[in-house]
Number of protein chains: 2
Amino acid sequence: MGKKLTINDIARLAGVSRQTISRVLNEKEEVSEATRKQVLRVIEEHGFQPSLQARSMVTRKTNTVALLLPDIKNPFFAEIVCGIERTLREKQMNVFLFTTDEDLEREVSFINLAQNYNVDGMILCSPRLDDANLRKLIPNISPVVLLNRDLEADGAASVMVGAQHGGYTATKHLIEQGHTRIGIIVGPPLARSSVKRLEGYKKALEEHGLSIDPELIVTVETPNEGIHRLTQHLIKNKVTGITTYNDISAAYVIQACTEMNMNVPGDISVIGFDGVILSQVMNPSLTTMALPLFEMGETIANTLIKMIKGTEPYERLTNIYPLLKKGNSTRVK
Amino acid sequence: MGKKLTINDIARLAGVSRQTISRVLNEKEEVSEATRKQVLRVIEEHGFQPSLQARSMVTRKTNTVALLLPDIKNPFFAEIVCGIERTLREKQMNVFLFTTDEDLEREVSFINLAQNYNVDGMILCSPRLDDANLRKLIPNISPVVLLNRDLEADGAASVMVGAQHGGYTATKHLIEQGHTRIGIIVGPPLARSSVKRLEGYKKALEEHGLSIDPELIVTVETPNEGIHRLTQHLIKNKVTGITTYNDISAAYVIQACTEMNMNVPGDISVIGFDGVILSQVMNPSLTTMALPLFEMGETIANTLIKMIKGTEPYERLTNIYPLLKKGNSTRVK
DNA sequence: TTGTATGCGTTATCAG
DNA sequence: CTGATAACGCATACAA
C-alpha cells in the first residue's frame, strides 16, 4: 500500500517540471537526451507508473473496450472472447467484461455503465434489446460491433454467422446420407440465428423434394432444458436424423437417444453446431457445423479497432460460414 | 456521438450550482425535496450520466476488480469467472479481464497495467510469478485473492482446491472398485496442484498396501498434449484404472483407450477432475472429482469484497474440497 | 439548504 | 528545449 508516486513527485525528484516528465513518458522528441536519461533514471528508480485514469481524463481515450455477452461458460462465447482478447491486447487495448445472462435489464444497465466508463468502443453479443431501442442507443455508444445482429446504423458494424447456410448444409448432409425423416431442434428464441437455421433446413428439404413435417420441428424454450423430452418426441415420430443448434444440445440429444436404446449413429444420426472442443472429445465424436470461433473473435476485434482509429475503412457486415466437420455421430442410413 | 453533458451543463440547465447536482447524484440528504425533484427531472430529461472516471479520480475508488487468468476457454476458469462476475455485480463492482496464456511476461505486464488503472483489488489465478517476486508485488496491488496459491502475506488471501484430498479420494475410489494397477496422469507443471494430487494418490496406495510403480506416474508437459501417448504407455503397463487432472484430459484418455480397443469402463476405469459440464454430456458419463466452481467464484469474490471494504474480517485461507461424483467411466474390476 | 474554492494526476497550450 | 497555467469532470471541505 506504499502510497503511489505522482508525476509531481517525480518532477521534484528529478529537478525538472512535471511537463518534462510527461514529455518523456509520451516519448515526445522535444527533450534533450541528457534530461531524458536523467528523468528515465528517476522513473526507473522509483518504479513510477502514470495513472491511466488521470491520463484518460484529458486524452478522452481509455484504451478499453466493453464486451457484453450472455454467458462466458458457453464455449461458443469463451472461444470468441479468447480471439477478441488476444487481438485487442496486441493493440494495447483492454477488455471490460459484462455477462448478462440474457437478461434485458442487466443488458441495458451494463451498456449504460460501460458508457459511463468512457470505453472507446463496445462489442455486443446477442443483445435482447429490440431494434428500435438499440438503434436509439448506438449514437451514444458507438463505435460498436454486433455479433449475430444485423443492424444498419452509423457507428455500428456486424459480424454474422451464416446460420441459414449452416442449417442448409447440415440438413443436406443428412439427406445425402440417405435420411428422409430429419428432425430439427430449434434453439431458444433469443438466439436470433434460430430462424435462419430453420430456413436453411426447410430449403434443403424442399430442394430435395422432401416434405416439411411440423412434427419434426421442435423448439427449446430455455437453454438446454427439455431436450430429452423433445428428442423423445422426434424419435416417436420416426426420425433417423436430427440437427441441433449447438454442440452441447447435440450431446444431450445423444444421451436421450441412448436412454431410449437408440444407437448413435446406428439408428439415429445427430449433427451439432459450433464445433467447440466438446465435439472432438465426445464419444462418438460429433459431426458438426464448425465455426472458426477464435478467428471470429479476431475479426470482431479488428473491425472495432478500425472503427476506433477511424483511419481505414471497415467492413460494415462480415459473414462467417460454418464448415461441415464430419465426426462419428452421423452415417449412411 | 452526441457530446456528453457534464455536471456543469446540468447545473446550468437546472439553475443550481453543480454542487447541488453532485448531492442528488450521491443521494445526500441535505437537499430540499423541491430542488431534488427539479434536478432529477433535468437529469432524466437529458439522460445525464456522471463520468465514473472523473468520480474515481477524487474518490480513489474505481469499483473495479482486475481478474487475471490463464485461459477463459478452460471451463474450469469459465465457471469460476461466472461466479466471480455474478457476485461482484451484486455489489456494483466490475471486472477487468486479462488472460495470460500462462505467459510470465504478460502476467507481469497485466498486473502492472491493472495497477495503473487503480483497480480496487485483484484476483490472480495461477500466476507463474515465483513466490519471491509475487510477494514483492503484493503491497502494491493488494488487496488480492490468489487461486490455488498459498502465500501468507498482508493484503493477500487464498482460495485453494483440496488437490491432495481429491487425488486421494479418486485413487481410493478406484482401489475400492478392486483396481490394483492404477495410473495417474499428472497435470502440466504449471498447475501447482499437480504435486498435491500426486501426494494424495501415493497416500491412498500406501494406505491400502499397494506399491508405488513409477511407470504408472506420467506427466503432461503441455496442456492436453501427448495424452494419447501417455495413455498408451499406461495401458502397456497393464493399468486397469487411470486418474487424470481434469475432465478434458479424461476425455482424451478415453479416446485413446477406445483407439487401443480398450473399453471404458469395461477394461479400464477412468476418473476426471473438476466436474465441468463435459463430464455430464460425455458418453460414458465421467466419474469425476467435482468442484463447486460457481461457488468457488462466489467465495473468491466475497473474500475480495471483504478485503476491499475492510469492515469485516475475512478468511485468509479457504480450502475447497472436491466431491466424488460417480459416472459411468469407472466400475468394479 | 445551497454555493464557492480546491484538488485528484495527467496532458495541452502557450510562453519563454 | 523547458516551464507555467489551464483544463478534463467530479467530490470534498468549508462558508454563507
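The rules behind the values
Residues numbered from 1 in each chain as written. Chains lettered and ligands numbered in written order. Predicted model: local features only at pLDDT ≥ 70, side-chain atom pairs only at ≥ 80, totals over all residues. Heavy atoms only, no water. Contact = heavy atoms within 4.5 Å. Buried area = accessible area lost by both parts, 1.4 Å probe. Salt bridge = Lys/Arg side-chain N within 4 Å of Asp/Glu carboxyl O. Helix = DSSP H or I, 4+ residues; strand = E, 2+ residues; numbered from the N terminus. Nonpolar A, V, L, I, M, F, W, Y, C, P; charged D, E, K, R; others polar. Near = heavy atom within 4 Å. Polar contact = N/O pair within 3.5 Å; in protein donor to acceptor, adjacent residues only side chain to side chain. Pairing = 2+ DSSP bridges. Axes fitted to C-alpha atoms, helices over the stretch in contact; angles between N-to-C directions. Expected span 1.5 Å × (residues − 1). Buried < 20%, exposed > 50% of the residue type's maximum accessible area, 1.4 Å probe, protein only. Domains from an automatic or database assignment. Right-handed = clockwise from strand over helix to strand, strands pointing away. Least-squares fit on C-alpha atoms with pLDDT ≥ 70 in both. Parallel < 35°, antiparallel > 145°, perpendicular 65-115°, else oblique.

Draft legend 1. Spatial organisation of the interface of chain A and chain B. Contact residues are listed per partner, giving 53 residues for chain A and 53 residues for chain B. Both sides of the chain A and chain B interface together cover about 4900 Å² of buried area, and 52% of this is carbon and sulfur. Looking at the side of chain A facing chain B, the largest losses of area belong to Gln-53, Asn-116 and Val-281 of chain A, adding up to 14% of the total buried there. The tally of links between chain A and chain B comes to four salt bridges. Residues Arg-106 of chain B and Glu-85 of chain A are paired through a salt bridge, measuring 4.0 Å at the closest nitrogen-oxygen approach. For the side of chain A that touches chain B, the secondary-structure elements that each account for two or more residues are helix H4 (52-59), helix H5 (75-90), strand S2 (94-99), helix H6 (104-116), helix H7 (131-141), helix H11 (247-259) and helix H12 (277-281) of chain A. With seven residues, H5 of chain A is the largest single contributor of residues to the side of chain A that touches chain B. A class-by-class count of the residues in the side of chain A that touches chain B yields 24 nonpolar, 20 polar and nine charged.

Draft legend 2. Structural context of the protein's contact with DNA strand D. In the vicinity of DNA strand D lie 28 residues, with Thr-20 and Arg-23 of chain A together with Ile-7, Gln-19 and Arg-55 of chain B positioned nearest. For DNA strand D, the backbone makes up 61% of the atoms found within 4 Å of the protein, where backbone means sugar plus phosphate. With respect to DNA strand D, the side chain of Arg-23 of chain A contributes an N or O atom lying 2.3 Å from a base oxygen. The contact in question runs from a phosphate oxygen of DNA strand D to an N or O atom on the backbone of Ser-32 of chain A, over 2.9 Å. At the level of secondary structure, the elements contributing two or more residues to the surface near DNA strand D comprise helix H2 (18-25) and H4 of chain A together with helix H2 (18-25) and helix H4 (52-59) of chain B. No other element matches H4 of chain B, which puts five residues into the surface near DNA strand D. Looking at the surface near DNA strand D residue by residue, the class counts come to ten nonpolar, eleven polar and seven charged.

Draft legend 3. Seen up close, the side chain of Asn-116 of chain B. Residue placement: Asn-116 of chain B occurs in helix H6 (residues 104-116). A polar atom in the side chain of Asn-116 of chain B sits 3.1 Å from the side chain of Gln-49 of chain A. The contacts of Asn-116 of chain B, once residues within four sequence positions are left out, are Gln-49, Pro-50, Ser-51, Leu-52 and Gln-53 of chain A.

Draft legend 4. Structural context of the sheet that holds strand S11 (residues 317-320) of chain A. Sheet architecture is open: twelve strands sit in the order S11(A)-S5(A)-S4(A)-S3(A)-S1(A)-S2(A)-S2(B)-S1(B)-S3(B)-S4(B)-S5(B)-S11(B), paired in mixed fashion. What marks the edges here is a single partner per strand, and that holds for S11 of chain A together with strand S11 (317-320) of chain B. Across the sheet, the mean angle separating the axes of adjacent strands is 20° when strand polarity is ignored. Note that strand S1 (residues 64-69) of chain A and S2 of chain A share six bridges and pair parallel. Note on S2 of chain A: the bridge partner recorded for Leu-67 of chain A is Leu-97 of chain A. Its contacts with the sheet place H6 of chain A against S1, S2 and strand S3 (121-125) of chain A together with strand S2 (94-99) of chain B, and it is angled at close to 155° to S2 of chain A. Of the strands in this sheet, S1, S3, strand S4 (144-147), strand S5 (156-161) and S11 of chain A are in contact with helix H13 (residues 293-309) of chain A, which crosses S4 of chain A at around 155°.

Draft legend 5. Here's a closer look at the protein's contact with DNA strand C. If you check the shell around DNA strand C, you find 29 residues, and the closest are Ile-7, Gln-19, Ser-22 and Arg-55 of chain A together with Arg-23 of chain B. A distance of 2.7 Å separates a phosphate oxygen of DNA strand C from a polar side-chain atom of Ser-22 of chain A. Contact between DNA strand C and Ser-32 of chain B: a phosphate oxygen at 2.8 Å from a main-chain N or O atom of the residue. Of all the secondary-structure elements, those providing two or more residues to the surface near DNA strand C are helix H1 (7-14), H2 and H4 of chain A together with H2 and H4 of chain B. Looking at which element gives the most residues to the surface near DNA strand C, the answer is H4 of chain A, with five residues.

Draft legend 6. A look at H13 of chain A. Residues and elements named next belong to chain A. Between the first and last C-alpha of H13 there are 24 Å, a value that for 17 residues agrees with the 24 Å anticipated at 1.5 Å per step. Where H13 is concerned, the buried positions are Leu-293, Met-296, Gly-297, Ile-300, Ala-301, Thr-303, Leu-304, Ile-305, Met-307 and Ile-308. The positive-phi residue at the C-terminal boundary of H13 is Gly-310, with phi of around 70°.

Draft legend 7. Highlighting the pairing of strand S3 (residues 121-125) of chain B. Residue and element names in this part refer to chain B. The element S3 is extensively covered by neighbouring structure, given that five of its five residues are classed as buried. Burial along S3 is two-sided: Gly-121, Ile-123 and Cys-125 facing one way and Met-122 and Leu-124 facing the other are all buried. Two strands pair when backbone bridges link them, and strand S1 (residues 64-69) and S3 are joined in this way by four bridges, in the parallel orientation. Paired with Leu-68 across the two strands is Leu-124, which belongs to S3.

Draft legend 8. Layout of the domain arrangement of chain A. All names here are of chain A. If you check the domain split of chain A, you get domain 1 (7-59), domain 2 (64-161 + 293-321) and domain 3 (163-290). One C-alpha centre belongs to domain 2, the other to domain 3, and the line joining them spans 29 Å. Contact with domain 2, which involves twelve residues of that partner, is made by ten residues of domain 3. The largest share of the area that domain 2 buries against domain 3 comes from Pro-75, Val-161 and Tyr-321, three residues that together contribute 36% of it. For the interface between domain 2 and domain 3, the tally reads zero salt bridges.

Draft legend 9. Summary view of the pairing of strand S4 (residues 144-147) of chain B. All names here are of chain B. Residue alternation in S4 divides its side chains into two sets, Val-144 and Leu-146 and Val-145 and Leu-147, and both sets are buried. Bridging between S3 and S4 involves four bridges; their strand directions are parallel. Bridge pairing links Met-122 to Val-144 in S4. Considered for its hand, the β-α-β crossover made up of S3, helix H7 (residues 131-141) and S4 is right-handed. Both S4 and strand S5 (residues 156-161) contribute to a ladder of four bridges, which runs parallel. Bridging across to S5, Leu-146 finds its partner in Ser-158.

Draft legend 10. Representation of the relation of the copies chain A and chain B. Between the two copies, chain A and chain B, the superposition gives an RMSD of 0.2 Å; the rotation angle is 180° and the shift along the axis is 0.1 Å. Interpreted geometrically, this transformation is the action of a two-fold axis. Looking at the rotation axis and the C-alpha trace of chain A, the residue lying nearest is Phe-96 of chain A, at 2.4 Å.

Draft legend 11. Quick peek at the packing of H2 of chain B against helix H3 (residues 33-46) of chain B. Residue and element names in this part refer to chain B. It is at 10 Å that the axes of H2 and H3 come closest, and there the two elements cross at 90°. By the criterion of interaxial angle, the relationship of H2 to H3 is roughly perpendicular. Every residue of H3 that contacts H2 at Thr-20, Ile-21, Val-24 and Leu-25 is listed here: Arg-36, Val-39, Leu-40 and Ile-43. Looking at side-chain class alone, the contact of H2 with H3 contains six nonpolar, one polar and one charged residues.

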